[in-house]
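Understanding the architecture of this molecule
Single-letter residue listing:
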Amino acid sequence: MKARWKPIVIGSLISLVLLASFPIIAVAGKLNADEVKQLVSGNTLVFRVVEGYEGGRKETRYYDANGTFRQFNKKKNKTVKGKWHINDKSELCNITKKRGACHVIYKRGNVWETYVKRPDPTSPDKHILTIEKVLKGNPNGL
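Read on for a plain summary of the structure.

The rules behind these values
- Sequence order as written defines residue numbering, which begins from 1 separately in each chain.
- Confidence filtering applies because this is a predicted model: local features only for residues at pLDDT of at least 70, side-chain atom pairs given and counted only at 80 or more, and all residues used for totals across whole chains, interfaces and linings.
- Only hydrogens and water are set aside; all other atoms, that is, all heavy atoms of the structure, feed into the side-chain values.
- Only buried Ala, Val, Leu, Ile, Met, Phe, Trp, Tyr and Cys residues count toward a nonpolar core, and they belong to the same one when joined by side-chain atoms within 4.5 Å.
- We call a residue buried when its accessible area falls under 20% of the maximum for its residue type, exposed when it is over 50%, and partly exposed in between, using a 1.4 Å probe and counting protein chains only.
- In this text, helices come from DSSP runs of H or I with a minimum length of four residues, and strands from runs of E with a minimum of two, each type numbered from the N-terminal end.
- Contacts are residue-level and defined by heavy atoms, with any inter-residue pair within 4.5 Å sufficient.
- One requirement defines pairing of two strands: DSSP has to find at least two bridges between them.
- A fitted line through C-alpha atoms represents every axis, and for helices the fit uses only the stretch in contact; the resulting angles, taken between N-to-C directions, go from 0 to 180 degrees.
- Between N or O atoms, a polar contact is any pair within 3.5 Å; within protein, one atom must be a potential hydrogen donor and the other a potential acceptor, and residues adjacent in sequence are included only when both atoms are from side chains.

Here we take up the nonpolar core. Core analysis: the biggest nonpolar cluster contains 17 residues, and Leu-39, Val-40, Tyr-63, Leu-92 and Ile-105 have the highest contact counts within it. Secondary-structure elements contributing two or more residues to this core are helix H2 (33-40), strand S1 (43-49), strand S7 (111-116) and strand S8 (126-136). Once residues within four sequence positions are removed from consideration, Tyr-63 is found in contact with Val-40, Ser-41, Gly-42, Asn-43, Leu-45, Thr-68, Phe-69, Trp-84, Leu-92 and Asn-94.

Right, here's the structure in full:
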(Lines give C-alpha, C1' and ligand atoms only; values in the text may rest on other atoms or scores of the structure.)
Protein backbone atom coordinates (compact mmCIF):
# COMPACT_ATOMS: atom_id res chain seq x y z
CA MET A 1 0.00 0.00 0.00
CA LYS A 2 1.44 3.38 -1.04
CA ALA A 3 1.73 6.20 1.49
CA ARG A 4 -0.57 8.89 0.07
CA TRP A 5 -0.23 11.08 3.15
CA LYS A 6 3.42 12.00 2.41
CA PRO A 7 2.67 14.62 -0.30
CA ILE A 8 -0.01 16.17 1.93
CA VAL A 9 2.34 16.41 4.92
CA ILE A 10 5.20 17.77 2.81
CA GLY A 11 2.88 20.34 1.18
CA SER A 12 1.58 21.39 4.60
CA LEU A 13 5.10 21.82 5.97
CA ILE A 14 6.12 23.95 2.98
CA SER A 15 3.02 26.12 3.48
CA LEU A 16 3.86 26.64 7.16
CA VAL A 17 7.42 27.65 6.31
CA LEU A 18 6.16 30.15 3.72
CA LEU A 19 3.59 31.63 6.11
CA ALA A 20 6.20 31.96 8.86
CA SER A 21 8.47 33.89 6.50
CA PHE A 22 5.90 36.63 5.69
CA PRO A 23 6.84 38.86 8.67
CA ILE A 24 10.48 38.73 7.55
CA ILE A 25 9.48 39.70 4.01
CA ALA A 26 7.37 42.58 5.35
CA VAL A 27 10.32 44.19 7.18
CA ALA A 28 12.94 43.34 4.56
CA GLY A 29 12.72 46.90 3.20
CA LYS A 30 13.85 48.54 6.47
CA LEU A 31 17.02 50.56 5.96
CA ASN A 32 20.00 50.01 8.24
CA ALA A 33 22.15 52.88 9.55
CA ASP A 34 24.56 52.83 6.59
CA GLU A 35 21.68 52.87 4.10
CA VAL A 36 19.99 55.76 5.91
CA LYS A 37 23.24 57.73 5.88
CA GLN A 38 23.76 57.03 2.17
CA LEU A 39 20.18 58.13 1.45
CA VAL A 40 20.29 61.47 3.27
CA SER A 41 23.85 62.69 3.85
CA GLY A 42 24.73 65.42 1.35
CA ASN A 43 21.42 64.97 -0.48
CA THR A 44 18.14 66.83 -0.95
CA LEU A 45 14.98 64.86 -0.23
CA VAL A 46 11.60 65.72 -1.73
CA PHE A 47 8.85 64.26 0.39
CA ARG A 48 5.09 64.28 0.71
CA VAL A 49 3.49 64.62 4.12
CA VAL A 50 0.82 61.97 4.68
CA GLU A 51 -2.73 62.56 5.89
CA GLY A 52 -3.20 63.97 9.35
CA TYR A 53 -0.06 66.08 9.06
CA GLU A 54 -1.28 68.54 6.43
CA GLY A 55 -1.60 65.56 4.09
CA GLY A 56 -0.38 65.92 0.55
CA ARG A 57 1.88 68.90 1.26
CA LYS A 58 5.28 68.57 -0.44
CA GLU A 59 8.51 69.59 1.25
CA THR A 60 12.13 69.75 0.17
CA ARG A 61 14.92 69.34 2.72
CA TYR A 62 18.69 69.39 2.27
CA TYR A 63 20.68 67.16 4.66
CA ASP A 64 24.22 68.51 4.91
CA ALA A 65 26.90 65.91 5.62
CA ASN A 66 27.89 67.99 8.69
CA GLY A 67 24.71 66.94 10.54
CA THR A 68 22.55 69.99 9.82
CA PHE A 69 19.51 70.34 7.55
CA ARG A 70 17.68 73.20 5.91
CA GLN A 71 14.13 73.25 4.60
CA PHE A 72 12.11 76.06 3.12
CA ASN A 73 8.77 76.55 4.90
CA LYS A 74 6.37 77.95 2.27
CA LYS A 75 3.71 78.72 4.87
CA LYS A 76 5.95 81.05 6.88
CA ASN A 77 8.15 82.07 3.93
CA LYS A 78 11.36 81.26 5.77
CA THR A 79 14.02 78.58 6.00
CA VAL A 80 13.80 76.13 8.89
CA LYS A 81 17.12 74.88 10.20
CA GLY A 82 17.85 71.88 12.34
CA LYS A 83 20.19 69.03 13.12
CA TRP A 84 20.04 65.40 12.10
CA HIS A 85 21.71 62.19 13.20
CA ILE A 86 21.16 58.44 12.98
CA ASN A 87 20.54 56.77 16.34
CA ASP A 88 21.54 53.27 17.48
CA LYS A 89 18.21 51.90 16.14
CA SER A 90 19.08 53.05 12.58
CA GLU A 91 16.42 55.79 12.80
CA LEU A 92 16.86 59.19 11.17
CA CYS A 93 16.41 61.82 13.89
CA ASN A 94 15.53 65.43 12.95
CA ILE A 95 15.66 68.13 15.62
CA THR A 96 14.62 71.81 15.37
CA LYS A 97 14.22 74.45 18.09
CA LYS A 98 10.54 73.54 18.45
CA ARG A 99 10.45 69.74 18.07
CA GLY A 100 12.21 66.55 17.15
CA ALA A 101 11.37 63.08 15.93
CA CYS A 102 13.14 59.90 14.91
CA HIS A 103 11.94 58.00 11.84
CA VAL A 104 12.32 54.39 10.76
CA ILE A 105 12.74 54.34 6.97
CA TYR A 106 11.51 51.59 4.65
CA LYS A 107 12.22 51.22 0.93
CA ARG A 108 8.94 50.60 -0.95
CA GLY A 109 9.58 50.30 -4.69
CA ASN A 110 10.70 53.70 -6.02
CA VAL A 111 9.92 55.61 -2.80
CA TRP A 112 10.86 55.48 0.86
CA GLU A 113 8.36 55.72 3.71
CA THR A 114 9.16 57.05 7.17
CA TYR A 115 7.42 55.92 10.33
CA VAL A 116 7.56 57.07 13.95
CA LYS A 117 7.10 54.83 16.97
CA ARG A 118 3.91 55.28 18.95
CA PRO A 119 4.08 55.47 22.75
CA ASP A 120 1.85 52.39 23.02
CA PRO A 121 4.01 49.39 22.00
CA THR A 122 0.90 47.45 20.90
CA SER A 123 0.04 50.10 18.28
CA PRO A 124 1.69 50.02 14.85
CA ASP A 125 4.20 52.69 13.87
CA LYS A 126 2.67 55.81 12.27
CA HIS A 127 3.45 56.61 8.62
CA ILE A 128 4.57 60.26 8.50
CA LEU A 129 6.36 60.98 5.21
CA THR A 130 6.83 59.46 1.78
CA ILE A 131 10.18 60.37 0.24
CA GLU A 132 9.49 60.65 -3.49
CA LYS A 133 12.86 61.89 -4.80
CA VAL A 134 16.47 62.00 -3.71
CA LEU A 135 18.55 64.68 -5.42
CA LYS A 136 22.35 64.66 -5.21
CA GLY A 137 23.76 67.66 -3.39
CA ASN A 138 21.88 70.91 -2.79
CA PRO A 139 20.43 71.91 -6.20
CA ASN A 140 17.87 74.28 -4.60
CA GLY A 141 20.49 76.25 -2.67
CA LEU A 142 18.96 75.58 0.74
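The subject of this paragraph is the sheet that holds strand S4 (residues 78-86). Strands in a sheet are paired, the pairing made by backbone hydrogen bonds, and the direction either parallel or antiparallel. Here 8 strands make up a closed barrel; going around it, the order is S1-S2-S3-S4-S5-S6-S7-S8 and the pairing antiparallel. Strand-to-strand, the axes of this sheet are offset by a mean angle of 35°, without reference to chain direction. Here strand S3 (residues 68-73) pairs with S4 via 6 bridges, running antiparallel. Along S4, the bridge assignment pairs Phe-69 with Gly-82. Docked against the sheet, H2 engages S1, strand S2 (58-63), S4, strand S5 (92-95), strand S6 (100-108), S7 and S8, running at close to 100° with respect to S1.

Take the environment of Lys-117 next. Following the sequence through the fold, Lys-117 ends up in the loop between S7 and S8. Lys-117 sits in the exposed class, given a relative accessible area of 51%. For the pair Lys-117 and Val-104, spaced 13 residues apart in sequence, the C-alpha to C-alpha distance is 8.1 Å. Every residue in contact with Lys-117, bar those within four places of it in the chain, is listed here: Glu-91, Val-104 and Asp-125. Engagement of the side chain of Lys-117 in a polar contact is seen with the side chain of Asp-125, the distance being 3.4 Å.

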